[in-house]
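Commentary on secondary and tertiary structure
Now for the letters of each chain:
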Amino acid sequence: MAELPVLELPATLSHCSGRFTISTLLGAEEGSRGPYAAAEGASCDSAHPTHLSGSTLCTRTFGYNTVDVVPAYEHYANSKGVGDAGKGRPSLADLHSILKPDPGRLCAPVSDPQRSNGLPEAGPEEVAGEPGRAPAPEPVRFGWVKGVMIRCMLNIWGVILYLRLPWITAQAGIALTWLIILMSVTVTTITGLSISAISTNGKVKSGGTYFLISRSLGPELGGSIGLIFAFANAVAVAMHTVGFAETVRDLLQEHNSLIVDPTNDIRIIGVVTVTVLLGISLAGMEWEAKAQILFFLVILVSFINYLVGTVIPATAEKQAKGFFSYRADIFAQNFVPSWRGPEGSFFGLFSIFFPSATGILAGANISGDLKDPAVAIPKGTLMAIFWTTVSYLVLSATIGACVVRDASGSLNDSVAVGSPGCEGLACSFGWNFTACAQPHFGWNFTACAQRQSCRYGLSNYYQSMSMVSGFGPLITAGIFGATLSSALACLVSAPKVFQCLCRDQLYPLIGFFGKGYGRNNEPIRGYMLTYIIAVGFILIAELNAIAPIISNFFLCSYALINFSCFHASITNSPGWRPSFRYYSKWAALFGATVSVVIMFLLTWWAALIAFGIVIFLLGYVLYKKPDVNWGSSMQASSYNMALNYSVGLSEVDEHIKNYRQGRLSACLVLTGPPNFRPALVDFVGTFTKNLSLMLCGNVLIGPRKQKMPESQLTADSHTKWLMKRKIKAFYTDVVAEDLRSGVQMLIQAAGLGKMRPNILALGYKRNWRTASPQSLEDYVGILHDAFDFKYGVCLLRMKEGLNVSRVMQAHADPATLASEQQASTVFQSEQGKKTIDIYWLFDDGGLTLLIPYLLGRKKRWQKCKIRVFVGGQINRMDEERKANPGQSSNCPLPFSPHAPSAPKPARTPFPGTVCLSCSIKRFDDLIAPFRLNDSFKDEATVNEMRQGCPWKISDEEVDKNRAKSLRQVRLNEILLDYSRDAALVAITLPIGRKGRCPSSLYMAWLETLSQDLRPPVILTRGNQENVLTFYCQ
């Protein structure tokens, strides 16, 4: 191939996407005439326009016109499945096959590659727009700072930061408080890394956490976690709003300005607050983002106010409350723990603090409103975790270095430094808090508690940050900003996640809430539903019982996100290629495990409730099997497991007891189109279901070029038809010149490793007498081929026949094949208390017994009694029983043996013997059209006749096989006498010697043996290898 000239590209012509940099190879003036330029009106690779799949395209590629097109972004942006041709991309047939000229069609103009650069072009409505109508406004999109980092930081910060972190520092000490913070941050950081990896593995759409989990682990786990995550966010709106309402209520109570009473004031303030937040959300994402920035600035000002307060010299009033500015002695005392109260333990404090580290999914939950989610989510989430962690550590260290654990708050407790009787660290600062101090080893706190003198200090006063700060009301404003921003973030997240879940239609009755409005596709209905849920929980005004469940739901989401990252990595799927490289699959597994452990550490009963809901929703989706295909890691894992187990079977030696697992019931069924022979499909599917392999084979007879399109068109439809009929089977077809050669291909190529069929199941050829002689030869030849390849054979004959193609007319429209009405067969109906009669005429290894036994274990057949008829003399059976007295008890199959052999001479041997001559005459009439009648002809003439007609029967062959023919006649009479009313009759298939028994004579034996029977008849022959054993080894 000639080397293409690569010209210098402007900066705008290089497109960077993740780890790949895409540049065009064409010059800036592609329209100019060059050495490769085509003449005006030149067509695509031919003298005329051509038929292409979809539309005819002529693309200027490397300076000349060609059918082949350069790589384009839109070909990969909306991939639906393997093998789907992208819009504008020619099919393989267009490039490989001979193009047919179509003078009536012209080449469609194509865009300039320099302008498009492989990126999607604007549609006509985007270019010109409709006359008199303004173009649609662009949706609001956010970057990583405004859309992710600020949003996550606001959701992570909460009332625990202001009201509980100083108290935790007093209990656990600075050292263990840092350990608690770092342990919590370790879980959230690992989860953040997992989110970053998943979000950079492909284009992230709206749906946030639900979208990430469902597209990674599939709809089963993704749907369940999406529903509970949306509900948890809706209830979290109520939690944060109630926290805000309680703070306002406390302020009103301090000033004796209650509206009604403490409980109803929370309800009134909460409902009004959530209504205002709803109005901000409905105004659009732009207004919501502005409100979040306002809250963010308020919190930053409150932090600065606190830090400034720590360096301002303490007033006497603040010193009475335990604040002495930065002191090394205070830092040293507060560095070690001082456990107090029922919650005074490491894991007790960890369970209180950990919810304050959550909230890292706030940015990912609005993934549909981000400019570039693959960049914004990793950068914004990790930066939010970093800065909030720094704020927690700084706050714990600074307040632990400024405030003592116990203080009275009374100005009268000031003393001179070194006064006798004064104990504790505050004595060195001129304050005597001995009466109010509560040492942590063996002291009696009863008197102190009764005097209520220990109200201040880190261990007793929750408002320590407000007391330390330069201006106390700013800390209150920070508490307001933290609670309202978290409530607003949850109010936005819940509808966004729920909208994506509704559009996927995994659960019933929720599709109504999936509709979007406006340029940002806002889920207005979802907002109203979230508002109603939030108001309902606000009216309860007591969420202490609900809060642990919500925390567990968030932790459950973290666990599944980490497991998604681990599972996608461990499967080594080609579809797992994240551009974010700073993650570890083992760290993700560790994060998932720790998240589950923390769930039970927080509240074990809430963890059980969360797991119960997830399992219930998971079971529902597994039962409904929604028609979605997202290329999840579960699919890759299923393939890996199937591959590993299939390869592992090659190392396992076969055993008779395990015949069913890999080798029985691994059936190749010649169904043709499966819906043409539903009874044959149901019969084999009944005894192979959940046991072994079933392959439905179809031979398309004709030229390969004509039949290949039919094969590709109908294969998926036949598979869907089998799934709708609940038959666990694979469908495969081959194109061949004739039926026999096609079946030979299937017999040799079907299966994988040791999971290969060894039974050939097919229908009985009813029209063998009227069919063409060659088709008769092919049918019997297929049976010979099966025996040559050591296959067992199973023929199914039904009185009404098997082929229903004339009724179904399934090939009329392959697209509607799976939705057509399913034909009912005898194998789908309840059989009642009938019998399954087995005529085990010859020792074939036991396959004649095993297939009816497996059939009898199924629910529709389990009431049937299995009877086994064996050939031979009565006295011989008695002798064998005496020689093997334990044979009946050792038989692993619940059969009832019978021996319909010659009875006493005083009676008629068979009830139908009076018509034996009639049956023999009937057999002679059956083979008469196929006889050569060569008794009076010379040998040369007979050989010439046999050479052109191998299916013909010579007089010599009739005489040699006379005894065998009479045996079939007499067996048919026995069948009619004993099994006229059976549910199923199984007979050992007689074998005709290849080259010695003409096909017409062999079919006459099968016809005579099974004729006039009402129940279905299966003619079975094993491959002479044992499939049964009496022993345990």
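Residues numbered from 1 in each chain as written. Predicted model: local features only at pLDDT ≥ 70, side-chain atom pairs only at ≥ 80, totals over all residues. Heavy atoms only, no water.

**Quick notes on the overall build of the chain**
- Each helix and strand in the chain was counted, giving 37 helices and 14 strands.
- Across the 1033 residues that make up the chain, the buried fraction comes to 49%.
- Sequence separation of 24 or more characterises 80% of the internal contacts of the chain that already satisfy a separation of 6 or more.
- Total accessible area computed for the chain in this model is approximately 50900 Å², and 58% of it derives from carbon and sulfur atoms. (Helix = DSSP H or I, 4+ residues; strand = E, 2+ residues; numbered from the N terminus. Buried < 20%, exposed > 50% of the residue type's maximum accessible area, 1.4 Å probe, protein only. Contact = heavy atoms within 4.5 Å. Areas by Shrake-Rupley, 256 points an atom, 1.4 Å probe, with all protein chains shown as cover.)

**Details of the environment of Phe590**
- As for its position among the elements, Phe590 is in helix H21 (residues 585-602).
- Along the chain, Phe590 and Phe566 lie 24 residues apart, while their C-alpha atoms are 9.4 Å from each other.

**Quick word on the pairing of strand E5 (residues 667-670)**
- In E5, alternate side chains face the same way, and those of Cys667 and Val669 on one face and Leu668 and Leu670 on the other are all buried.
- Where E5 and strand E8 (residues 759-763) come together, three bridges link them in parallel fashion. Looking at E8, one finds that Val669 is bridged to Ala761.
- Direction of pairing for E5 relative to strand E6 (residues 694-701): parallel, over a ladder of four bridges. The residue of E6 that forms the bridge with Cys667 is Met694.
- Remark: the E5/helix H25 (residues 678-688)/E6 crossover connection has right-handed handedness. (Pairing = 2+ DSSP bridges. Right-handed = clockwise from strand over helix to strand, strands pointing away.)

**Side note on the nonpolar core**
- In terms of nonpolar packing, the biggest core is built from 134 residues, with Trp157, Leu161, Tyr162, Phe353, Tyr392, Val403 and Ile598 touching the most fellow members.
- In this view, Trp157 contacts Phe296, Ile299, Phe303, Thr388, Ser391, Tyr392, Ala482 and Ser486; residues no more than four positions away in its chain are not counted.
- Residues Trp768, Phe923, Phe930 and Ala982 belong to the second largest nonpolar core, which totals 55 residues. (Core = buried A, V, L, I, M, F, W, Y, C linked by side-chain atoms within 4.5 Å.)

**Considerations on the packing of aromatic side chains**
- All told, the structure shown has 25 aromatic pairs when counted by the stated rule.
- With 4.9 Å between their ring centres and 70° between their planes, Phe244 and Phe480 make a pair best called edge-to-face. One end of the pair, Phe244, is in helix H9 (residues 219-254); the other, Phe480, is in helix H18 (residues 472-504), with 236 residues separating them in the sequence.
- When its relative accessible area of 12% is taken as the criterion, Phe244 is described as buried.
- Seen from their ring centres, Tyr507 and Tyr620 are 5.7 Å apart, and the 20° between their planes marks the pair as stacked. With a gap of 113 residues between them, Tyr507 in the loop between H18 and helix H19 (524-540) and Tyr620 in helix H22 (residues 604-624) connect regions that are remote in the sequence.
- Accessibility expressed as a relative area gives 10% for Tyr507, which makes it buried.
- The partly exposed category is assigned to Tyr620, whose relative accessible area is 26%. (Phe/Tyr/Trp six-rings, centres within 6.5 Å; stacked < 30°, edge-to-face > 60°.)

**Observations regarding the pattern of salt bridges**
- This model, assessed by the stated rule, comprises 15 salt bridges.
- The residue Arg740 makes a salt bridge to Asp785 at a minimum N-O spacing of 2.8 Å. Of this pair, Arg740 sits in helix H27 (residues 739-749) while Asp785 is found in helix H28 (residues 773-788), placing the two residues 45 residues apart along the sequence.
- Judged by its relative accessible area of 27%, Arg740 is partly exposed.
- Where Arg931 meets Asp955, a salt bridge forms, and the shortest distance between an N and an O atom there is 2.8 Å. Taken together, the positions of Arg931 in the loop between helix H33 (916-927) and helix H34 (939-948) and Asp955 in helix H35 (residues 955-960) put the pair 24 residues apart, joining distant regions of the chain.
- Each of the salt bridges in this network shares a partner with another, and the network as a whole consists of Arg769, Arg797 and Glu1007. (Salt bridge = Lys/Arg side-chain N within 4 Å of Asp/Glu carboxyl O.)

**Points about the packing of helix H7 (residues 165-199) against H21**
- The contact between H7 and H21 brings their axes to 9 Å, and the two run at 130°. Relative to H21, H7 is oriented oblique. Crossing hand, H7 versus H21: left-handed. Contacts from Val187, Ile190 and Ser194 of H7 reach H21 at Ala587, Ala588, Phe590, Gly591, Val594, Ser595 and Ile598.
- Grouping the constituent residues of the contact of H7 with H21 by class yields seven nonpolar, three polar and no charged. (Axes fitted to C-alpha atoms, helices over the stretch in contact; angles between N-to-C directions. Parallel < 35°, antiparallel > 145°, perpendicular 65-115°, else oblique. Left-handed = near helix turned anticlockwise from the far one by under 90°. Nonpolar A, V, L, I, M, F, W, Y, C, P; charged D, E, K, R; others polar.)

**A word on the confidence of the model for the chain**
- For the chain, mean pLDDT is 76; residues scoring 70 or higher make up 73% of the total.
- pLDDT under 50 marks residues 438-452. Its contacts with residues more than four places away, or in other chains, come to 16 contacts.
- For residues 659-664, every residue scores under 50 in pLDDT, and the model assigns this stretch 24 contacts once sequence neighbours within four places are set aside. (pLDDT = per-residue confidence, 0-100.)

**What about helix H26 (residues 704-724)?**
- Here H26 is 21 residues long and its end C-alpha atoms lie 30 Å apart, about the 30 Å a rise of 1.5 Å per residue gives.
- Maximum bend of H26: about 35°, positioned at Thr714.
- The complete set of buried residues in H26 reads Ser711, Thr714, Ser717, His718, Trp721 and Leu722.
- Contact partners of the buried residues in H26: H25, E6 and strand E7 (730-736).
- Looking one or two residues beyond H26, the residue adopting positive phi is Lys726, at roughly 60°. (Expected span 1.5 Å × (residues − 1). Bend = angle between axes of the 7 residues up to and from the residue.)

**Thoughts on a nonpolar patch on the surface**
- Residues Leu307, Met383, Phe386, Trp387, Val390 and Val394 make up a contiguous nonpolar surface patch of roughly 480 Å² in combined accessible area.
- Among the elements that take part in the nonpolar patch, helix H15 (residues 373-400) stands out by supplying five residues, more than any other.
- Here Val390 is to be found in helix H15.
- Here Val390 falls in the partly exposed class, since its relative accessible area comes to 30%. (Patch = residues over 30% accessible without salt bridge, like charges linked within 9 Å, V, L, I, M, F, W, Y side chains within 5 Å.)

**A word on the packing of helix H8 (residues 208-217) against H18**
- Orientation of H8 relative to H18, taken along the N-to-C sense of each, is 40°, at an axis distance of 8 Å. Taken together, the axes of H8 and H18 lie oblique to each other. Within the contact between the two elements, H8 uses Tyr210, Phe211 and Arg215 and H18 uses Val497, Cys500, Leu501 and Asp504.
- Tallied by class, the residues present in the contact of H8 with H18 amount to five nonpolar, no polar and two charged.

**Topic: a positive patch on the surface**
- Residues Lys625, Lys689, Lys726, Lys728, Lys859 and Arg860 make up a contiguous surface patch of positive charge.
- When you line up the elements, Arg860 lands in the loop between helix H30 (847-856) and strand E11 (865-870). (Lys, Arg positive; Asp, Glu negative; His and termini not counted. Charge placed at Lys NZ, Arg CZ, Asp CG, Glu CD.)

**Considerations on the environment of Val140**
- Here Val140 is to be found in the loop between helix H4 (124-127) and helix H5 (144-156).
- Exposure remark for Val140: the relative accessible area of 14% places this residue in the buried category.
- A C-alpha to C-alpha distance of 6.8 Å links Val140 and Asp369, two positions 229 residues apart in sequence.
- Apart from the residues lying within four places of it in its own chain, the contact partners of Val140 are Glu286, Asp369, Arg519 and Asn520.

**A closer look at the pairing of E6**
- By the criterion of burial, E6 is predominantly enclosed, with seven of the eight residues buried.
- Two elements, E6 and E7, share seven bridges in a ladder whose sense is parallel. Within E7, the position partnered with Val699 by the bridge is Val734.
- Viewed along the sheet, the connection from E6 through H26 into E7 turns out right-handed.

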